[in-house]
Protein chains: 2
Amino acid sequence: MRLTTKGRYAVTAMLDLALHCDEGPVSLADISARQGISLSYLEQLFARLRYFKLVKSVRGPGGGYRLMGSTTDISIAQVVDAVSESLDATRCEGKGNCHEGEVCLTHHLWEDLSAQIHQFLSDITLADLVARNDIQSVRKRQDLRVVSSHNDETHIAISEIL
Amino acid sequence: MRLTTKGRYAVTAMLDLALHCDEGPVSLADISARQGISLSYLEQLFARLRYFKLVKSVRGPGGGYRLMGSTTDISIAQVVDAVSESLDATRCEGKGNCHEGEVCLTHHLWEDLSAQIHQFLSDITLADLVARNDIQSVRKRQDLRVVSSHNDETHIAISEIL
DNA sequence: GCCAATTCCGAGTATTTTACTCAAGTATTC
DNA sequence: GAATACTTGAGTAAAATACTCGGAATTGGC
């Protein structure tokens, strides 16, 4: 599990895709313009997202990308994993050259820690983010003087989602 | 919040330090030998750890590094933050050049997500890892036929820690 | 059938980060 | 004063990041 700006770009792009998925296929040019990510870079990211079957492409004019499946099925961890390959960063990969098991101890420890973060991000889906996004939109509109008094089911505690 | 191999190296080194902190100052040469991390690289990492007041140095023969404070006071997040500077990876840093707030939405969203991971790692201290490490050590020794029957208070459920 | 939009694909590249080497200097203990 | 170990700084090779560019393939609309 690696957490870099690359994964951040991918999550942002996927979220943009999720926000506009009901308007037909979304072109990378649109995402590029909206999110300020280079088109060619998006192409590379989506090549991996496609390879991992998180999105499907529609070629030709009016084409673009669609989510493969529902937003409730795609987790943040999947997106991050798709674009950033996992690496080991240890010399001892089960080769048994650790003195007294110490190296392996910290090694496994970090792996477990990494797995925990992975699990954490696996529990958050695009749908969760979209829902939360809606809340922020509502909030923004409320800040702009429009006070609506109906957010009963859309009012989900943020702390419950994230 | 960035999660790369650099932070992993730092956590491993700090954990090694925590494991041997009761034997006086720990030299980087020892950590280097035990954990297989280059001495010069450790020097760079510990320069930052020192700057962030996570460790203190003891110069001269028999010197090395000590933890600044107790293992219960140092979280994984602190260690990771110390060695990896945070970056933004967005063009709009509050400059207001986001159309209709969309960019800022995903932007803030990711920041909150990152903050959640940060909080997650803030809740895990070196002491937690040492305790967990002891458990594994005990297990290893048990595998080696030495069965000790005293782990009453050191026996903390792993799932409770991580 | 042609054209334009769009995905696809590969090569190349500048910048940054990573992980490390080397060398000199400083403080401390024995 | 010599050995130990931190401290500092310069430099560097490899990898990852974040693109650019050029072109090819696909397809909807005219």
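The structure under discussion appears in the preceding block.
The structure contained in this document is the topic of the report that follows. (Residues numbered from 1 in each chain as written. Chains lettered and ligands numbered in written order. Predicted model: local features only at pLDDT ≥ 70, side-chain atom pairs only at ≥ 80, totals over all residues. Heavy atoms only, no water.)

Across its full length, chain A carries 7 helices and 2 strands. Helices (α) and strands (β) of chain A occur, in sequence order from the N terminus, as α-α-α-β-β-α-α-α-α. Out of the 162 residues in chain A, the part that is buried amounts to 44%. In chain A, once contacts between residues fewer than 6 apart in sequence are set aside, the share between residues at least 24 apart is 64%. Working note: accessible area of chain A is about 8600 Å², and carbon and sulfur atoms make up 48% of it. (Helix = DSSP H or I, 4+ residues; strand = E, 2+ residues; numbered from the N terminus. Buried < 20%, exposed > 50% of the residue type's maximum accessible area, 1.4 Å probe, protein only. Contact = heavy atoms within 4.5 Å. Areas by Shrake-Rupley, 256 points an atom, 1.4 Å probe, with all protein chains shown as cover.)

All names here are of chain B. Contact pair helix H2 (residues 28–35) / helix H3 (residues 39–51): the axes reach a minimum separation of 9 Å and the direction vectors enclose 120°. For the element pair H2 / H3, the angle class is oblique. The handedness of the crossing between H2 and H3 comes out as right-handed. Across the interface between the two elements, Leu 28, Ala 29, Ile 31 and Ser 32 of H2 pack against Leu 39, Leu 42, Glu 43 and Phe 46 of H3. (Axes fitted to C-alpha atoms, helices over the stretch in contact; angles between N-to-C directions. Parallel < 35°, antiparallel > 145°, perpendicular 65-115°, else oblique. Left-handed = near helix turned anticlockwise from the far one by under 90°.)

This part is about the protein's contact with DNA strand D. Taken together, 26 residues surround DNA strand D, and among them Thr 5, Ser 38, Ser 40 and Gln 44 of chain A together with Ser 57 of chain B come closest. Each atom of DNA strand D within 4 Å of the protein belongs either to a base or to sugar and phosphate, the latter forming 69%. At 2.3 Å from a phosphate oxygen of DNA strand D is found a side-chain nitrogen or oxygen belonging to Ser 57 of chain B. Within the contact set of DNA strand D, a base oxygen lies 3.3 Å away from a backbone nitrogen or oxygen of Pro 61 of chain B. Tallied by class, residues from the surface near DNA strand D come to 8 nonpolar, 12 polar and 6 charged. (Near = heavy atom within 4 Å. Polar contact = N/O pair within 3.5 Å; in protein donor to acceptor, adjacent residues only side chain to side chain. Nonpolar A, V, L, I, M, F, W, Y, C, P; charged D, E, K, R; others polar.)

Glancing now at helix H1 (residues 5–19) of chain B. Taking 1.5 Å per residue, 15 residues should reach 21 Å; H1 of chain B reaches 21 Å between its end C-alpha atoms and fits that length. Inspection of H1 of chain B places Gly 7, Arg 8, Ala 10, Val 11, Thr 12, Ala 13, Met 14, Leu 15, Asp 16, Leu 17 and Ala 18 of chain B among the buried residues, and these make up the whole buried set. (Expected span 1.5 Å × (residues − 1).)

This brings us to the protein's contact with DNA strand C. In the vicinity of DNA strand C, 27 residues are found, and the nearest of them are Ser 57 and Tyr 65 of chain A together with Thr 5, Ser 40 and Gln 44 of chain B. Considering the 4 Å shell around the protein, atoms of DNA strand C inside it are sugar or phosphate in 63% of instances. One of the side-chain N or O atoms of Thr 5 of chain B is found 2.4 Å from a phosphate oxygen in DNA strand C. Counting residues per element, the ones that place at least two in the surface near DNA strand C are helix H3 (39–51), strand E1 (55–58) and strand E2 (64–67) of chain A together with H1 and H3 of chain B. When its residues are assigned to classes, the surface near DNA strand C shows 8 nonpolar, 13 polar and 6 charged.

Our focus in this paragraph is the pattern of salt bridges. Residue and element names in this part refer to chain A. Applying the stated rule across the entire model yields 2 salt bridges over all chains. For the salt bridge of Asp 16 with Arg 34, the shortest nitrogen-to-oxygen distance reads 2.8 Å. Here the residue Asp 16 occupies a position in helix H1 (residues 5–19), and Arg 34 occupies one in helix H2 (residues 28–35), the gap between them amounting to 18 residues. A relative accessible area of 18% places Arg 34 in the buried class. (Salt bridge = Lys/Arg side-chain N within 4 Å of Asp/Glu carboxyl O.)

Here we take up unusual backbone geometry. Glycine aside, negative phi is the norm for most residues, and most peptide bonds take the trans geometry. One non-glycine residue, Lys 53 of chain A, lies in positive phi territory at about 60°. Residue position: Lys 53 of chain A is located in the loop between H3 and E1.

So, on to the packing of aromatic side chains. Residues and elements named next belong to chain A. Counting across every chain of the model gives 7 aromatic pairs over all chains. Measuring from ring centre to ring centre gives 4.8 Å for Phe 46 and Tyr 65, while their planes differ by 45°; the resulting arrangement is tilted. With Phe 46 in helix H3 and Tyr 65 in strand E2, this residue pair connects regions lying 19 residues apart in the sequence. (Phe/Tyr/Trp six-rings, centres within 6.5 Å; stacked < 30°, edge-to-face > 60°.)

With that settled, the discussion passes to the nonpolar core. Counting 73 residues, the largest nonpolar core has Met 14 and Phe 46 of chain A together with Met 14 and Phe 46 of chain B as its most contacted members. Among residues more than four places away in sequence, those in contact with Met 14 of chain B are Leu 49, Leu 54, Val 55, Leu 67, Ile 74, Val 79 and Leu 126 of chain B. (Core = buried A, V, L, I, M, F, W, Y, C linked by side-chain atoms within 4.5 Å.)

Another point: the pairing of strand E2 (residues 64–67) of chain B. Residue and element names in this part refer to chain B. Strand direction decides the pairing type here: strand E1 (residues 55–58) and E2, joined by 4 bridges, are antiparallel. Bridge pairing in E2 links Ser 57 to Tyr 65. Turn length for the E1-E2 hairpin, with the two strands adjacent in sequence and antiparallel, is 5 residues, and the turn residue Gly 60 shows positive phi of about 85°. (Pairing = 2+ DSSP bridges.)

All names here are of chain A. Here Thr 71 shows up in the loop between E2 and helix H4 (76–83). Given the relative accessible area of 19%, Thr 71 is considered buried. The residues contacting Thr 71, other than those within four sequence positions of it, are Ala 18, Thr 125, Leu 126 and Ala 127.

In short, the description is geometric, and any link to function would need to be established separately.
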